[in-house]
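Residue-level structure breakdown
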Amino acid sequence: MLLGNVDGVAQIASFQHRSTTLLTHIAPMKKLIAAVAASLLTLSASAQTVPAPQIAAKSWLLLDATSGQVIAAQDPNTRIEPASLTKIMTAYVTFQAIRDKKLALNTMVNVSARAWKVDSSSSKMFIDPATPVSVDDLLHGLMVQSGNDAAVALAEAVAGDEGTFVVLMNREAQRMGLKNTRFGNPHGLPSPDNFSTTNDLARLASNVIRDFPEFYKIDSVKQFTYNKITQQNRNRLLWLDPTVDGMKTGHTESSGYSMIASARRPNGASGQRRLISVVSGASSDGVRTQESQKLLNWGFQNFDTVKLYSKGQPIATPEVWKGAQSNVKIGFTNDILVTVPKGVAGKLKPVLQRNDPLMAPLARNGRVGTLRMMVDNKPLLVLPVVALEEIQEASIFGRAWDSVRLMIK
């Protein structure tokens, strides 16, 4: 099935298998802005031969965060109740405030009655209006203990009140391109204004890890003690899989059990590779843990992530007509990585199609052709190729001479 203009960025070729989409692409928007779409990726179903796993959840997705590709997904754009996965955005907005020096980890926050009184039957870190609490403790209470009281206290610390903080959350969701996400509160308790998709949540999780790796480490803390009460992280994979280093669980009666898990494992000579799984609507804590582990293992065991080209690496130096230089370096503005089934990487063959004749002036990052990565004579990737340098026009005599050469060519 061909999906056009996915997220307003790329055209993705994929196919359906038991209502499951394999190997689509969600490139990080931050890396594409000002790149003239130079790293947009199109994937063909021709090389996809690995059947997707059966996952006991209503909606799920597996993202290769290293390449930006969704390896497999079921109903990734179906609206879901994010529950406590909402707290990932709460953390992101708080991290931004710390980065922008509006807060510090050691900033002491006065606990409001509103934060203290948040749904007493829900998860809490048990903060007390009589005792100021540090932002650092609140972040641990938010991500390790899943405290709804911590979420409200952080919202008030960052924005003054909960409503204004929710505006910041939704503004950030819009900036990230999370088109099917809206937040109604900072904690994820049931609200008609709180919804998302596994697709959007995977992107949000990836953005946290990419933008704030120093704060993401909080997610790997197995237990946290506050107010003399020790609570364990509800992400059971932290105990079961040493490669898992986050991220968050969620549960309400209406949404079922949800979980975002992330793991890093060796990727051959290419270093480390990170996968992010999102599972929503599982029937129990045990099932969400089991199915998340199944997704991560399946992705690591059956796929490789390969770096094809480096940012700024010339792949050719074709001739330029009527230019101050006779040749131009062409390539890509971002590293080009692709996730493929094991055994496919060695079969990749590049076929370059240039927009000849290349005529000056040429703008830096201007598109000059297309590179097709072929497998068994079938296209797997279609990559826009750009000029890596600006080429100005030649003098009037140089342009005239090239005009003559073009006529007799």
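Use the structure listed above.
1. Notes on the packing of helix α5 (residues 148–159) against helix α6 (residues 162–176)
- It is at 8 Å that the axes of α5 and α6 come closest, and there the two elements cross at 85°. As judged from the angle between their axes, α5 and α6 are roughly perpendicular. Counting all contacts with α5, which are made through Val152, Ala155, Glu156, Val158 and Ala159, the residues of α6 involved are Glu162, Thr164, Phe165 and Leu168.
- Here the residues of the contact of α5 with α6 are counted per class, giving six nonpolar, one polar and two charged.

2. Some points on helix α7 (residues 198–211)
- Over its 14 residues, α7 extends 20 Å from the first C-alpha to the last, a length consistent with the 20 Å expected when each residue adds 1.5 Å.
- Across the 14 residues that make up α7, a large majority, 13, are buried.

3. Observations concerning the pairing of strand β12 (residues 256–266)
- The buried fraction of β12 is high, at eight of 11 residues.
- In the sheet, strand β11 (residues 244–252) pairs with β12 via eight bridges, with the strands oriented antiparallel. The residue bridging His251 from the neighbouring strand is Tyr257, located in β12.
- Linkage of β11 to β12, two consecutive antiparallel strands, is achieved through a turn of three residues.

4. Some words on the pattern of salt bridges
- Tallied over the full model, the rule gives 15 salt bridges.
- A salt bridge links Asp335 to Lys307; the shortest N-O distance between them is 3.7 Å. Taken together, the residues Asp335 in the loop between β16 (330–331) and β17 (336–341) and Lys307 in strand β14 (residues 303–309) connect sequence positions 28 residues apart.
- Residue Arg354 is joined to Asp356 by a salt bridge in which the shortest nitrogen-to-oxygen separation is 2.9 Å.
- A relative accessible area of 44% places Asp356 in the partly exposed class.
- Connected through shared salt-bridge partners, Arg236, Asp285 and Arg288 make up one network.

5. A word on the packing of aromatic side chains
- One pass over the structure, following the stated rule, counts six aromatic pairs.
- Between Phe95 and Phe215, the ring centres sit 4.8 Å apart and the planes meet at 25°, which makes this aromatic pair stacked. Here the residue Phe95 occupies a position in helix α2 (residues 87–99), and Phe215 occupies one in helix α8 (residues 213–216), the gap between them amounting to 120 residues. Both residues of the pair, Phe95 and Phe215, count as buried.
- Joined through ring pairs, the aromatic side chains of Tyr92, Phe95, Phe212 and Phe215 make up one cluster.
- Over the aromatic face of Phe195 sits the side chain of Arg79, whose NZ or CZ is 3.6 Å from the ring centroid.

6. What about the packing of α2 against α7?
- Where α2 meets α7, the closest approach of the two axes is 10 Å, and the angle between their N-to-C directions is 30°. Taken together, the axis directions place α2 and α7 in an arrangement best described as roughly parallel. Crossing of α2 against α7: the hand is left-handed. Packed against α2, whose contacting residues are Ile88, Met89, Tyr92 and Phe95, the element α7 presents Leu204, Asn207, Val208 and Asp211 at the interface.
- Of the residues contributing to the contact of α2 with α7, the split by class is six nonpolar, one polar and one charged.

Rules behind the numbers
Residues numbered from 1 in each chain as written. Predicted model: local features only at pLDDT ≥ 70, side-chain atom pairs only at ≥ 80, totals over all residues. Heavy atoms only, no water. Axes fitted to C-alpha atoms, helices over the stretch in contact; angles between N-to-C directions. Helix = DSSP H or I, 4+ residues; strand = E, 2+ residues; numbered from the N terminus. Parallel < 35°, antiparallel > 145°, perpendicular 65-115°, else oblique. Contact = heavy atoms within 4.5 Å. Nonpolar A, V, L, I, M, F, W, Y, C, P; charged D, E, K, R; others polar. Expected span 1.5 Å × (residues − 1). Buried < 20%, exposed > 50% of the residue type's maximum accessible area, 1.4 Å probe, protein only. Pairing = 2+ DSSP bridges. Salt bridge = Lys/Arg side-chain N within 4 Å of Asp/Glu carboxyl O. Phe/Tyr/Trp six-rings, centres within 6.5 Å; stacked < 30°, edge-to-face > 60°. Lys NZ or Arg CZ within 6 Å of the ring centre and 35° of its normal. Left-handed = near helix turned anticlockwise from the far one by under 90°.

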